[in-house]
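Chains, contacts and geometry: an overview
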Amino acid sequence: MTFVYVIYSETTDHYYIGLAKDVQIALWQHNARAISATADGKPWVIKFRLGFETRPEAQSLEMKLKNKNRQGLEEWLQGQSERANE
């Protein structure tokens, strides 16, 4: 299973969208500053994760999310949160 995840850093006020087989390990790597793109953002917190059976399915959502501007991403995340609370 491949997961799409969105993490957020209050320190830098940035979102990061990625793919991982294990989101907890990915989060640890981001917070350990092992990934240069997110090294300045510690602490990162998970805002969203969704698993897919195949990597291409996950990559499709990852690209859709990466093509959104910040407002679009935040609106999408809010919609996911509302669905989860139904």
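Shown above is the structure to which this text applies.
Residues numbered from 1 in each chain as written. Predicted model: local features only at pLDDT ≥ 70, side-chain atom pairs only at ≥ 80, totals over all residues. Heavy atoms only, no water.

**Description of the sheet that holds strand E1 (residues 2-9)**
Under the convention used in this document: Here, strands pair whenever DSSP counts at least two bridges between them. Labels follow the DSSP assignment, with helices taken as runs of H or I lasting at least four residues and strands as runs of E lasting at least two, numbered in each case from the N terminus. Every axis in this analysis is a line fitted to C-alpha atoms, fitted for helices over the stretch in contact. Angles between the N-to-C directions lie between 0 and 180 degrees.
Strand order in the open sheet formed by 3 strands is E2-E1-E3, with antiparallel pairing between adjacent strands. Where the open sheet ends on each side, the last strands, each with one partner, are strand E2 (14-20) and strand E3 (44-52). Across the sheet, the mean angle separating the axes of adjacent strands is 15° when strand polarity is ignored. Two strands pair when backbone bridges link them, and E1 and E2 are joined in this way by 7 bridges, in the antiparallel orientation. Opposite valine 6, over in E2, you have isoleucine 17 as the bridge partner.

**Section: helix H2 (residues 55-66)**
Residues separated by three or four positions in an α-helix point in the same direction, a consequence of the helix having 3.6 residues per turn. Threshold: By definition here, a helix of n residues has an expected span of 1.5 Å times n minus one. Relative accessibility decides the category of a residue: with a 1.4 Å probe and only protein chains considered, values under 20% of the type maximum give buried, values over 50% give exposed, and everything between is partly exposed. Working definition: the arc comes from the directions between the helix axis and the C-beta atoms, pointing outward to the latter.
Its 12 residues place the ends of H2 16 Å apart at the C-alpha level, agreeing with the 16 Å of an ideal helix rising 1.5 Å per residue. Taken as a whole, H2 has its buried residues at Ala58, Leu61, Glu62 and Leu65. Angular distribution of buried residues about the axis of H2 spans 105°; they occupy a single face of the element. Facing away from the buried surface of H2 by more than 90 degrees, the exposed residues are Pro56 and Lys64.

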